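One letter stands for each residue in the lines below.
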Amino acid sequence: AKPHIGTDKLCEVVKNIEKEIVRCGGKIEYGTKLLKVLTSTDGRVKGVETNRGTVPCGALILAVGHSARDTYRMLLDSGFELMGKDFSVGARVEHLQEDIDRAMYGDADISVLGHAEYTLSYREGERGVYSFCMCPGGQVICSSSEEGKLVVNGMSNYERNGKNANAAIAVSVLKSDYGGRPLEAISYQEAIERLAFDRAGGEFKAPFQTLGNFLKHREGGKIQRVFPTYRNGKALTACDLHGILPAHVTALMEKGFSRFEKRISGFCAEDALLTGVETRTSAPVRILRVETLGAKGHDNLYPGGEGAGYAGGITSAAIDGLRLAYAVIARYRRPE
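Residues numbered from 1 in each chain as written. Predicted model: local features only at pLDDT ≥ 70, side-chain atom pairs only at ≥ 80, totals over all residues. Heavy atoms only, no water.

## Description of the sheet that holds strand β11 (residues 164-173)
Threshold: At least two bridges found by DSSP between two strands is the condition for calling them paired. The helix count covers DSSP runs of H or I at least four residues long, the strand count covers runs of E at least two residues long, and both are numbered beginning at the N terminus. All axes here are fitted lines through C-alpha atoms, helices being fitted over the stretch that makes contact, and every angle between N-to-C directions spans 0 to 180 degrees. Here a residue-residue contact requires only that any non-hydrogen atoms of the pair lie within 4.5 Å.
Reading across from one edge, β7-β8-β11-β6-β14-β12-β13 is the order of the 7 strands in this open sheet, with mixed pairing throughout. Both edges of this open sheet fall to β7 (121-124) and β13 (236-238), since each of them pairs with a single strand only. Within this sheet the neighbouring strands show an average axis-to-axis angle of 30°, counted without direction. Contacts between helix α3 (residues 97-105) and the sheet are confined to β6 (87-96), β8 (127-135) and β11, with β6 contributing the most and set at about 95° to the helix.

The structure is reproduced here in structure tokens:
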């Protein structure tokens with residue numbers, strides 16, 4: 001239910017996956033950027049144009065991840081159909097892991113149980129506020145993919161032995177908030193990321209605020225028991241996240257925190273830390289596809305995973321990838 005490899009072990013897992021792909025006859029082209037999808041007059045994909053030349057293909061699986069904004073724009077310019085969708089934005093909250101363990105397990109033996117995790121949510125009408133990607137004993141990391149824009153994420157190593165627990169506290173963004181079109185959804189994310197980058201002073205510093213000050217609408221706050229993990233605490237700028245995140249987001253975050261305190265004693269600790277901003281919980285757009293899982297109007301191109309807008313996490317993206325593989329195999333299997 002909660003698969004955990006650990007970022008430190010994942011590096012080796014990915015290397016081994018690469019070796020297996022090569023062993024099976026596959027080829028990985030690093031440093032190669034997709035520039036254009038080439039189609040025939042009937043809409044079938046016949047190849048891709050890259051910065052290293054043209055690659056012909058009979059079928060194309062497009063699994064670009066949910067931050068490939070240049071690819072989304074290229075697909076729109078090439079006549080592919082995309083739609084905006086609901087997504088979420090928020091910030092990372094950090095507590096002392098021992099506080100979370102005590103609140104969840106009391107005096108139980110952590111060496112037997114492992115560090116405590118939590119899943120929290122609160123809903124008002126169409127909107128929700130919820131914890132996402134909770135990382136026991138983890139750290140907050142810079143996850144920016146573009147110059148001039150600041151994004152954070154969370155990770156844990158296999159042992160989960162860091163001092164802090166962290167999780168995204170994210171709030172729903174509805175299509176009505178940004179206009180509903182795919183480019184408007186991307187622009188909504190970009191505006192928040194650009195503002196976070198600028199308010200923190202550039203150089204991929206992150207805006208931070210103690211939870212106590214966030215709830216009191218006061219800037220920054222004094223770092224006390226909870227020492228920030230973002231870039232070892234050396235790249236933070238005291239800010240008021242109310243001036244960076246949209247008002248409806250911060251308002252529901254405040255309500256969420258008050259509800260979460262009733263679930264986990266001490267969740268609203270004054271010295272808990274908020275580090276912003278988290279805007280990439282899921283893709284803001286969906287690449288439309290038909291029943292056979294091919295793209296609408298281009299049925300031999302198979303958009304998959306989070307970047308296609310059909311998954312919301314590691315496990316669901318993997319399952320969607322399997323579905324695409326089975327679809328391609330069924331279509332192109334040679335008769336026995």
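## What about the sheet that holds strand β2 (residues 45-50)?
On the basis of which strands lie adjacent, the open sheet formed by 3 strands has the order β1-β2-β3 and antiparallel pairing. Two strands lie at the open edges of the sheet, namely β1 (34-39) and β3 (53-56), each paired on one side alone. Each neighbouring strand pair of the sheet contributes to a mean axis angle of 25°, computed without reference to strand direction. In terms of strand pairing, β1 meets β2 through 5 bridges, oriented antiparallel. Directly across from Val37, in β2, lies its bridge partner Val48.

## Focus: the pattern of salt bridges
As a reminder of what qualifies: By salt bridge we mean one thing: a side-chain nitrogen of Lys or Arg within 4 Å of a carboxyl oxygen of Asp or Glu. Only protein chains enter the calculation, and the probe is 1.4 Å; a residue is then buried if its accessible area is under 20% of its type maximum, exposed if over 50%, and partly exposed in between.
As enumerated under the stated definition, the model contains 24 salt bridges in all. The salt bridge partner of Glu278 is Arg92, with a shortest N-O separation of 2.8 Å. Taken together, the residues Glu278 in strand β14 (residues 273-278) and Arg92 in strand β6 connect sequence positions 186 residues apart. For Glu278, a relative accessible area of 3% corresponds to the buried category. Arg92 gets classed as buried once you look at its relative accessible area, which sits at 0%. Put simply, Glu124 and Lys255 hold a salt bridge, and the shortest N to O gap is 3.2 Å.

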